[in-house]
Structures are given as structure tokens and as C-alpha cells.
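Close look at the chain arrangement
Residue-level listing of the chains:
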Amino acid sequence: MKRAKQDYYSKGKENEAVDYIVPVFGGRHEHVSEITSSKDERAKQSKSSHFAGEFHSAQSNITEEHNIERSAMDKSRKVAIRESAERISLNKQIYDTQDFQKRLREDSLLRLPEFIIKPRSHTVWEKQNVKLHCTVSGWPVPRVTWYKNNVTINVHTDPGKYIIDSKYGVHSLEINNCDFDDTAQYRASAMNAKGEISAFASIVVKNGYFPGDPHMKFEVHFVDKFDVSFGKEGDTMSLGCTVIVHPNLKRFQPDIQWWRNGVQLQPSKWVEMHWSGETATLTFTHLNKEDEGLYTIRVLTKSGYELHSAYVFVRDADAEVAGAPGAPLDVYCLDANKDYVIVTWKQPAIDGGSSILGYFVDRCEVGTNHWVQCNDTPVKFARFPVTGLVEGRSYIFRVRAINNVGISRPSRISEPVAALDPSDRARLKGIPLAPWTGQIIVTEEEPTEGVVPGQPTELAVTEATRNYVVLSWKPPGQRGHEGIMYYVEKCVAGTEDWQRVNPEIPVKSPRFALFDLAEGKSYRFRVRSANSAGIGEPSEPTEFTEVTDKLDVPKAPSHVVPSRNTDTSVVVTWEESKDAKELVGYYIEASISGSGKWEPCNNKPVKGKRFICHGLQTGQLYKFRVRAVNAAGLSQFSHESEALEVKAALGGGVPHGVFPEQSGNIDGLTDSSARWDGKHETSQLARDTLLSCDAVLNRHLLPTGYYNLPCIVPDTPKEVNAERTSKSNLRSLKVQDIYEEGPKNKDKHDKGLKMQDMHEKGPKIQEKHEGPEIEDKHDKGPKIQDMYKKGSKVEDKHEMGPKIQDMHEKKEKIAPPTPPYAITVLESVRDSMVLGWKQPKFQGGSDITGYFVDYREIIDGIPGKWKEAHIKAITERAYRIHDLKENMVYQFQVRAINMAGVGLPSLPSEKFKCEEWTIAVPGPPHDVMYTEVRKNSLVLLWKAPVYIGRSEVTGYYADIREADADDEKWRSVNEKETSNRYIKVQGLKEGMSYVFRVRAVNRAGVGKPSDLTEPVTAETPPGTKEIAVNVDDDGVISLTFECADMAEGSKFIWSKNYEDLVDSSRVTVETKGGKTKIIFNDPGKDDLGIYSCVVTETDGVSSSYAIDEAELLRLLELSHEHKFPVVPLKSELAVELLEKGQVRFWLEAERFSPNGKCKFVFNDKEIKNDEKYKIKVDHKTGLVEMIMDKLEDTNEGTYTVQLQDGKASNQSSLVLIGDGPHFVEYLGWEVNNDCSVLLKCKVANIKKETSIIWYKDDREIMFDEKHDFKDGVCTLLVQQFSKKDAGVYEIVLKDDRGRDSSTLRLLEKDTKLASTDRVKSGVTGEQLWLQINEPTEKDKGTYTLELFDGKAGHKKSVELSGAGLREFIFLLIDRARVIGGLPDVVTIQEGKSLNLTCNVWGEPVPTVSWLKNDRELLGDAHLILKFESGKFASFTITDVRTTDSGKYSILVKNKYGTETGDFTVSVFIPEEEEEQIEQEKTAKKK
């Protein structure tokens, strides 16, 4: 039986057609990054149900096709196969289309996660639970993860602590039993296939919550406290104390913290901490100088914390080599990258007696013990970049110092640091650099061609020293798909040659350190990016950077002042180094007076302006000195302080925080905010060594020294006496109780005394029942400040405590200051007020260092409690209080502070309402005071008003009236307003008392007057001395002031126009004992003004001296006379005939010392004392005479007497002629404009027969024409004067009456002038100039200018002598000058704009012109030239071109002189444009 042919379709068992299974052809899919979970995949599967209907319809179409196929089974096999293949192809296209549409619809449903409700921040108590909620939308359904401080929260690590739940799109995080460690930032991160989004919330856990007893308080007491400790490097030390907490509850144990210099310590290999439940210890396993500082133990309980502090000093270990320096300290890594690490350190306090030459830096790879020295030569800068590191490896570093003797011990090693890029280091630590919110799509194909990276940006020189330069930049935006590296290039100034610094090894990180640069030269730098595709374009070059130390060694501190503290310590204060940059701190040294041996007080630099030096010997005299430290090195030592005996101060030392900080606000106002009642938040301890931490500083208590001082305030129900405080063991008086319980009937006029009346008249201090009253001068008794000065007895009825005069038996003892007074409001706005007050009348023997301000509200006439307006003391007497309530009434009080402590508060001020001032006129001036009180004059000073009104203040009026006169008697001191803040009041009546006030003026009118001054009596204090002006023998001008009543601590304070000296370079101040002197370095118009001097700590000792233009000119003339003195003459040189044909020449000087000398000269030849000439000098009478034996024709001529007496000199001349022709003016010369030389002289007594003969070098000069004696002048013209014309010229006059001759030497042997700082010459345009600075007598003479035009030479001379020289000195002040502002060289890119400005001076105002290559320039649109205000000359090129390159000059000129300033402009073209220009030029040539 034959096998039947197999059909394409065959029948099954049930006679049904078996379908052909169509294969699935998968399309090209995009793969989503593997961040979706299985749940996301199931979600995607669930979405496929949306397309179920479409799949069913497609299946129905296939069934119909099967039926058609059954009907076609009878067709031929070939036709069936062909049709079947076509259907298969069609089905494949259908499936592909459906799959594509499905994916399109699926992508349209996907969306980024979004927080509908974000988690909120919470503040909870300890032991409470807190729950964070959030709601998130997005497709696919986002997955939410919770983080704490960017660390994923794992519920399994701490079971029961965290509960994370997600239901119905609501996600929650519950934290049970919260403690302090749960204070953190929490983040909910929602993520799906489209991306990630985060929301943040913070939880703050507060301690002190007690469900059982919320009012429970804990008391902490320290027993066996640690004290100031001294150690040595390498030693072991422990600090400890016993802590008693009451009540002692086991479930509420205190938290013990240790702090050093305000930084909390953690256990490490250097320090160990232990708490036994009663004793807390801190152990140093190996002491280092880094461990030196102020240590504080802080005991935290549920009701707060208590602390105790003490200082630890660590001295250097013994050097391995005697005389070697101490080890450096604080070595750490400032910056770490792939290629280098910058190591920095601090210099040691001990140099071993020899200056430190530099430092060696060593490195060691972590895990090894192999130390490698990083630098071959010592570096002086305390910062060094270490290169040659292996990327990814960790290193530690140490530093050693070296001097001429040897090398120090190595410093303590630094913390390990890895040579990694900062971004890699952050990634390894698990810190995300930035949240990712975008969609991650990974494609199947990566580009095959690389991309050349772009230009790096923001290239800058971050550090430059003489040894290295550090560059930093940002990577380019276009960088391709691979990592990039960098090549660094440099260019020396003055060239355009760029040299690659690292041609072989490219840089991997965007920072680079360059070594081996030439010191003193300037460089530019640029960077190129590179990868496998090539090297990119260079970055923009940096500006020129000079290879030198940019950071200078700081200047020495000044005014080192020691003060007593305890029996073994001294407080040292100083003034900071001026203009110091990157200051690290200060080292203090002490020396026993007379020993010459200095020892360091600290071995770790301290910041601030004060330090307590411990470990001193009681009773010894010590001197102190200070020097500053920065990375560049150590400054010179300050001047040594005065010697101070070490013994305890009154009150047992100075507590923390008693020194006020300086206010840095404008106009001297100190801003602060009002604080609520209650304890202030504990501020961080200052980093100093003030160790009296147990002392409680309460500014409401009287300072030490006010022992049992009773104070009675009217209507006060009880007397408030001093009481002993248990904690500080000091007697203090609570002053606020006086005013809080004070007069209840203040506003009633029938009882008591108003507070403001007390303020004006001064408080009364009296006994309760009997005894003398101490009132103001109107009540026949001394004031409080008088008690300070005179030591009046003030005792209570029980005679408790020491008397006040006991405190002032010795002048060196100081006391707190008396209260300030005259509180007034200077400005008021809605929520703040500016107060002003007057300083205490008695400062307690020490400078006032600050003030404290308190305020209180007045509601319905009832005063509230006093509140502190600020914590830190303020230094100005003008203060702004913020955060006040609008329309609220306030009162204020002020206290002053000095080195002895805080003084008594002032009486409460008047009631002031806080409201907005809207007046148009200015507010009152403040701080009005008087000085220089004399019997008929005084000087009034004031400060500008804080509130200026609606326009600027234009001037002031000062008013005066007699102290006892009515207000109607006010009269103005000045008729016209003055713009100065001082005025001299004259015309006072001696013995009369006056008061003053000041009013400010603006455009709107005259403002409110200031507070009145204290009454002042017009009388000159006994022994008053005035400032005296002095000009010494060297011509130095100075002002001198003496004071015989100086107290201990008094100082001379100089000012100009009653303001601080701004330009201290113009004067030098010298003070010695009770005499001070201010010396003018270069007297000129800038020194015009009123110079005043005030002596502090005296009863207003002051004086002033005014220097105006007339006085300045007088002083300059006097200075010149003293520099170049003249012997005064009673009579000029005279002649008379004696008997026997003798001739007597004589003159008389007013005075002529025995050392004086005289010399007779005849026709430039000195006459000697011989047989023909007899010279006599009578020094007593000043008579000088010479007797000539016989007068002959050869004796006719000029006779001169020259006198010299020390520095003084003078001369007198006489011409002796007969009846014949003679010379009125001897032969001289001048140069004409055509450079010809004209010889001329004047003759007299000429007649027709008189002949004139010219000689040169004794050879007669022949002329064709006879000389003409027109106007009595004889001339000889020499054309084209040259060296051959040099010689001796002589002219002879001759006739029958006699003969006369004159000789002139024209020689080329003059001294050539060399250019110096004092004598300068130059060329400006067509002008040649010679400048002599500070001319003297030696500069007299003839100055000759020689020129050579290629064919012949030219000369021109000028005579500088006598009065011309003196006039020249005076006119130098006003000559035209270029003061400064122009650079030497300007390098600029083509197309940029160039603008230069310089300062010009001259009187009258000079004319200004600009030159290019010695040709004058005219301004246009391209070149803009301006000269403004007679001072500022500007030069602007709007669009710089290469043709603008060249030498430029500014020429300033007035009638007194000319000066120039030169600079060079160099224009360069960028490389790209330069290549394009070259190509264009080449194309044009072709």
C-alpha cells in the first residue's frame, strides 16, 4: 500500500484541522535599567489586560482563515503553499504592528513619582514616639525607601525601634522611644522606572520630658576639681573630678562631655574617657602640644548642664640635639587630590636660640613604617604640596624644623588621607553628591567615535609662593564618554612662548602644583583637556602671577599690658598686628626682670588679644612680649611690657567674658536684639585662658570693692545693703531691686523726688538715721565721683566692710567706674531705638572698656522687670536696641566696665515711647563735650545725629547761655552754619559758668537741640601749657606739648581737626615721659589744619595749634633759614681812604662767634694776609676790616668778604673803580634760540676815544667794524658754538684815562649730572627737563644742557642761586605732579576696552595732555580723554586694535613745573584669530 502524500494541513483524531503554529517574531526592545523589582514586572503584566480584546479579535480572524483553507484543500499543492506563505507574512506584519502600538500605549502610561503629601518635621520629647507619613503617586507604582542622615534605615538592625508600613499608597515611618540620637534629617525616596524623587523632614528630640514629674530638677556639684596643669610632650596625664548629682536616679544618669577650646572631644588613641558613676576622668596616653588648651567638663542632666574648666599647658620635649628647635604642631592635610596633597602646620614657639631655616615634610604610606622625605631643601612657608603619590593609597605626614644647630623632633603624625579625587572620596564614604531625579536609559549601541574634550573653565591661581604655584580649574562641559586628563602650560611674562609643564604624565585631577619656577618672574598659565580622541583647545590664560610669597610675615603686636590676676598668673593683653592676613595666633613669652632669659608662656598659638600666663613665681617682677604667627612665619617680638609684680588682684582674678568685644558697625552703633527674661542661653566659652569659671558674672550685682555701701532711693521702703553670695564668695549689691521696688509714687508731685531730677542732681548717699549727708554740690556735699577722687568716708550704721578710702590709699589700685548719665534717644523707628549717653565722670583709674544697656517696659505707669539688651559689652556710646514693641513706653539704664569690673548702673532714664520719627529736620547731635577750657575760650565737640531727617545734614549751630540763666537767654555762637563738628567758642567771661548745646541743619530746617553739656567755668587751670611750635637747627618742624599732671596710665592722644590722624605717614609722634612731640616729615598743604592733643586720665588737660597757609609759609621760611642760616650784618662792605694812601675795607656783623672765619676775595682770587694786605677780625664787636697799603690801577675791581660762622654764612661785595672806563656788569654769556652763544657785558664812563679789544686764549679777535656802545652793552656772538670755541675770553676797555678788563672762562669741564632719586631728567614731547627734589645750598650754580644735532653741539645754561633757590623751594609744593595710578605695562587682547585713571596735583590746576610715542593725542570716539575735578585724568580706548600698541605718556604742566607719567600698551591677538588673519593674508597674496 502506497503511503499517501502528506498534506500541508492534516486531520486530527476528531477529524479537525490541526492549526499551524505561527512563530513569534520579537521586535527590537529598549531595556530599562535594572531598578524595577518583580512587583514592577507583575504590574506590567497586569497592564496587558488592557489589550485582551485586541488579541481576541485577532484570534477570530485566524479561525476564519482556517475555514477558508479547508475549502481550498482541493487546490493544487503549489498554489496552497504560496497562499499559505503570503498569509504567514501578513500575520507577522499584524503582530509587529500590534506589538508596536502596545509599547507606545504603555510608554504613555508611565510617569515619574510625585509626592501628594510630604512628610512633616516634628519636635518631640525624649521617650515619646513619632510617626512620619507621606503619599506618593506614579506609574509603575513607586517603591519608597526611608533614610536617616542619608543612610538607609534597616528595621532588622534594631528590632522594635522602627516600623515601616505601606498601604493604599500611604507610606509611614514610626520611631519608638525617641532619644537624643534620633535627632536627624529623614528622607523618603520614591523610585520607579521613570526616575526617583525625595522629600525631607527633620526630627528634633528635646531632653527634660518627665511623664511622672515634669518639675524635677537636678543639682550638680563638682568635688576635687582639676586645676591648671602642666605637662611635657610624651608624658601621660589625667584630668578628673568627682561629680555629685542630686537626686541620684539610676534611670536618669548624667551625660559627661569633654571639650577642648570649644570643640567636643571623642575617644581616640590620644585621649581616653572614663565615667564610673561618680568620677569622670580624661586621660592623655601620649601628650602632644596639640593637646594644649582650655579643657571643660560638661555634665548634662535633664534640667540643664553644669561645667568646670581649666587650662592644660604642654611644653616641648627635650631636643635630641641641644639648640635644635621645637617640633612643629597641628599637621593636617588642607587639600587632597589624585596627584598631590597640600600639607600645612604651625610653627613652634621655641627656635632653640637660632632662627628656623625651614621645614622638612615626611610621608609614610599607611600600613608601612617607611618614612620618605618629600622636599630636598627646607621650605619656610608653613604649607607644602606633596606630589608623587599613588592614586588610591592612603598616607600620613609629619614635619620637622631645622636651624643652624640641628633638626627638631618630628611632629605628631597627621590623620591618614587618601590620594583620591574629592568626588571619589565622597562616593566611597556613601555621601551622595546630588540627588538623581532623571530617567536612566541604557541604549544598545555606544558611539564608536570619540569626542575631543572642550576647554577647561574658571582657571585660577589658588596659591602662590616662592617655591610653588597651585592651579585649579573646572572640567570642560564637553568631555565625551571617557575620563579626561589635563596638560598644563606656562608662559613667561614678556614672551608669547607657551611651554608644556607636564608633557609626559598628564594630570588626572583639576588641580596642579607647579615647582621649579624662577623666583621673581611672572608667569601666565593655561590648561588643555585630553582623552583618546585628542587634545582640546586651551583654556583662557590666567593673569600674570609673580613667583613670590604673596603672604607677608605679620607685623609685631603692640601695646603689651600685663595686669594682676592670681598669685601665680598674670593677664596679658595686647593690640593685634595691623593688616595681618591668615593670622594663626600669637605666642607669649615671659622673663623675670633683669634675668635676660625668656620662656614661652604657651606652646600652641592662641587667638584673641588676651591670655593668662600661669606658672609664675609669686612676688617676682616679670616682663612680657608677644609675636604673631601665620603661614609665612613669625613676626618680630613686640616691645617689652612694663615690669609687673606677680600677686593676686583685688577680687581674686578676672572671670570669663569680662572683656568686651569691639563693635564693627558703621557710625559706632552696636546692634543687638532685646532678650526675654530668664536665663540666657549659655554661649560657647571664649578660646582664651580665663580660668575663673566658678565665678558667676552677674551684671546686676555690684562689682568687687562696693562692700556694704548703703544706697537710699526716695520712696524706697527699705535700705538695700550688700550681701554675701554663696557661690562667688564676694559681697555684691543687687541694684535692680532698688528700682523694681523703688518709688511707687513717681508720677505724683507731692512725694519724693523724680528719677530724672535725681539724674540731673546726682543720687544722695546717706545713713539711714544719722550722720552726714553726701549730696551734690548744690546741697553742700561731694558727688560720688568726688568720693573716688578724695576718698570720702561712706559707712553704714553697723560699720560693716572696708571703707572706700581704703580702696584708694594707693594710686595703682583701680576701682570700677561711676555710672554713666544723660541717657537720651537719638533715633526711633517702629521696632528699635538708638540711645546715647555720657561717659562716667570718674573712670576708676582705668580706661573704660565697654558698656551694658538694660531696658524695661512701662505699662500704665507701672515699670516692669529689667531686661538685658545684649550679652557682650559695647564700646561706643551710641547703641541701637532691636525687637522693641511699637508704641510701647520704655526706660533704660547703662553700666560701664573697666579692668576692675562692672560699675553701678545709671539711674533710669526718662520714659521714651517707641514710635516712628517722621519729622523732616534732623535729630539731635550727641556726645557733645568741651575741651581746651581757658579763661576766655573753649572748644566744643560733638557727633553727627543718627536721624538725619529727609535730607542730608548740611551744617550745625552751637548755642550758649550762662548756666543759671533762663532758656530765653540762649544765643548762637556762630551766625553761619558750620560744616565742621567742632567750633571754638571765644569771648567768654572769666569765672562765669556756661552750658552749651548743638543743633543740626538740613534743607528742611534746624533740628532738635542736643542735650546740654555739663556746666563749665571759663577759667584757665593752674599750670596749663599750650602746644608750642619748634623749628630745630636742622629745619625740622614739630609741635611740642608737655603735661606735668599725668597720672598712672595717662596717654597723649593727638588728632587733626579733632579727628584721628588718617595719614600717619606724614607725621611722626614721639613721646617720652610727660612730653610729646609730633614731627612733620614733609611739610606741605596736606598738613594744614588744627592739631590738638588730649591727655587721658587727667582733668581735661588739652591744647591745640592751628596751621594755616600763612603759618605754613612762615614755618617753611624759618625751616629754610635754619637749614641754611645767614650771618646777620649791621653794615655792608664799605671803603675809606686813610693817610699815606692806604685804603680801608670794613663791614660789621651783628654777632660773630670766636670760631667764625672770614675771607676777602678780589676778582675771584682770595687775598692773603701779607705785607700789602692787613686783615683783622674783632669777634666781640663783629668788626671785619682789611687795610690795603697802596691803591694802584691793578687794584680796581670787585672786592668780596665771605663770612662763615658754623652753618651760617654771608657775603658782601664792593666794586672799586677809578675815573676811567670800567665795567658795570662783568662779562657773561647766554644761549640764543638758534643755539648760538652771546657774550656780553655792561660798561660805563665811555667816550669816543675808548677802545674795546676782545681776546680768546690771549689772542686778539679781529673785527671789521668798530664796536657800538649802544646802551652801554658790549657783545660778542659765537655762531654754532662747539668744543673748539671753549676757552678764556677777555674784553679790555682802554683810553687815556685808564684801563679795565673782564675775563670769562667757557670750558667743557663741568661735572656731568647723574640720575638719582633726588635729581632726575627726561624728555617729554619737545621739552627737555631737569628735576631737583628738596634743593639745598649745594645745588647752587650754573646748569648746562648739551645737545648734539649730528653736525655740531649745542648748550644752554641756567643760573640757580640766592633768592631764586628759596623761591624754588616754596614753589615745589604747588608744581604739577602725577601722583600715581598708572601701570608700567598694560597687556590687553584685541577687541577689548582699556580704561586707565591717574591722580594729578598742582596749584593752579595743571593742564593735561596725552602723548603716544612722544606725539600729542587728540580725543575722538575711539580714544576718550577726560580730566575731571582738577584731580582725575582718565584714558579710554573703546575698541583696542594692534595699532594702539606703543608708549604712552601723560604730561601735566602749570606755571611751577612739568611732570610726566609713562606706560606701555601691548595688544595681542588670540591664536585662532591670528591663524585666520595669516590665512587671509596668504589668500590675498595668491
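Bear in mind the structure is a predicted one, so any value in this text is a computation, not a measurement.

When helices and strands are counted, the chain shows 11 helices and 96 strands. In the chain, which comprises 1486 residues, the share counted as buried stands at 41%. Intrachain contacts of the chain at a sequence separation of at least 6 include 64% that bridge at least 24 residues. For the chain, the exposed area adds up to about 84,000 Å²; of that, 48% sits on carbon and sulfur atoms.

Moving on, we come to the nonpolar core. Formed by 27 residues in total, the largest nonpolar core has its most connected members in Val341, Val343, Trp345, Val361, Val386 and Phe397. Of all the secondary-structure elements, those providing two or more residues to this core are strand 19 (329-336), strand 20 (340-346), strand 21 (358-365), strand 23 (383-387) and strand 24 (394-402). Per-element tally for this core: the top contributor is strand 20, with 5 residues. Those residues in contact with phenylalanine 397, other than ones at most four positions away along the chain, are Val331, Cys333, Val341, Val343, Asp362, Arg363, Trp371, Val386, Arg412, Ile413, Ser414 and Val417. Counting 24 residues, the second-largest nonpolar core is a separate cluster that includes Met237, Val245, Val271 and Ala310.

With that out of the way, let us pick up the environment of lysine 1248. Note on placement: lysine 1248 falls in the loop between strand 78 (1237-1244) and strand 79 (1251-1256). Along the chain, lysine 1248 and aspartate 1295 lie 47 residues apart, while their C-alpha atoms are 9.2 Å from each other.

We now examine the confidence of the model for the chain. The predicted coordinates ought not to be read in detail in places where the model reports low pLDDT. With 76% of its residues at a pLDDT of 70 or more, the chain shows a mean pLDDT of 77. A low-confidence stretch, residues 1-55 (pLDDT under 50), is modelled with 44 contacts involving residues beyond four sequence positions or located in other chains. pLDDT under 50 marks residues 655-812. Its contacts with residues more than four places away, or in other chains, come to 292 contacts.

Quick look at the pattern of salt bridges now. Enumeration according to the criterion identifies 46 salt bridges in this entry. Lysine 346 serves as the salt-bridge partner of aspartate 330, at 3.0 Å between the closest nitrogen and oxygen. A residue pair is termed long-range when its members are at least 10 positions apart, and aspartate 330 in strand 19 and lysine 346 in strand 20 qualify at 16 residues. Beyond isolated ion pairs, a larger network of salt bridges with shared partners links Glu489, Arg500, Arg526 and Arg528.

A few words now on the environment of valine 561. Examined against the element boundaries, valine 561 turns out to sit in strand 34 (residues 558-564). The class of valine 561 is partly exposed, set by a relative accessible area of 43%. Taking C-alpha positions, valine 561 is 8.4 Å from valine 571, a pair spaced 10 residues apart along the chain. Here valine 561 is in contact with Val571, Val572 and Thr573, once residues within four sequence places are set aside.

Scoring rules and cut-offs
- Residues numbered from 1 in each chain as written.
- Predicted model: local features only at pLDDT ≥ 70, side-chain atom pairs only at ≥ 80, totals over all residues.
- Heavy atoms only, no water.
- Helix = DSSP H or I, 4+ residues; strand = E, 2+ residues; numbered from the N terminus.
- Buried < 20%, exposed > 50% of the residue type's maximum accessible area, 1.4 Å probe, protein only.
- Contact = heavy atoms within 4.5 Å.
- Areas by Shrake-Rupley, 256 points an atom, 1.4 Å probe, with all protein chains shown as cover.
- Core = buried A, V, L, I, M, F, W, Y, C linked by side-chain atoms within 4.5 Å.
- pLDDT = per-residue confidence, 0-100.
- Salt bridge = Lys/Arg side-chain N within 4 Å of Asp/Glu carboxyl O.

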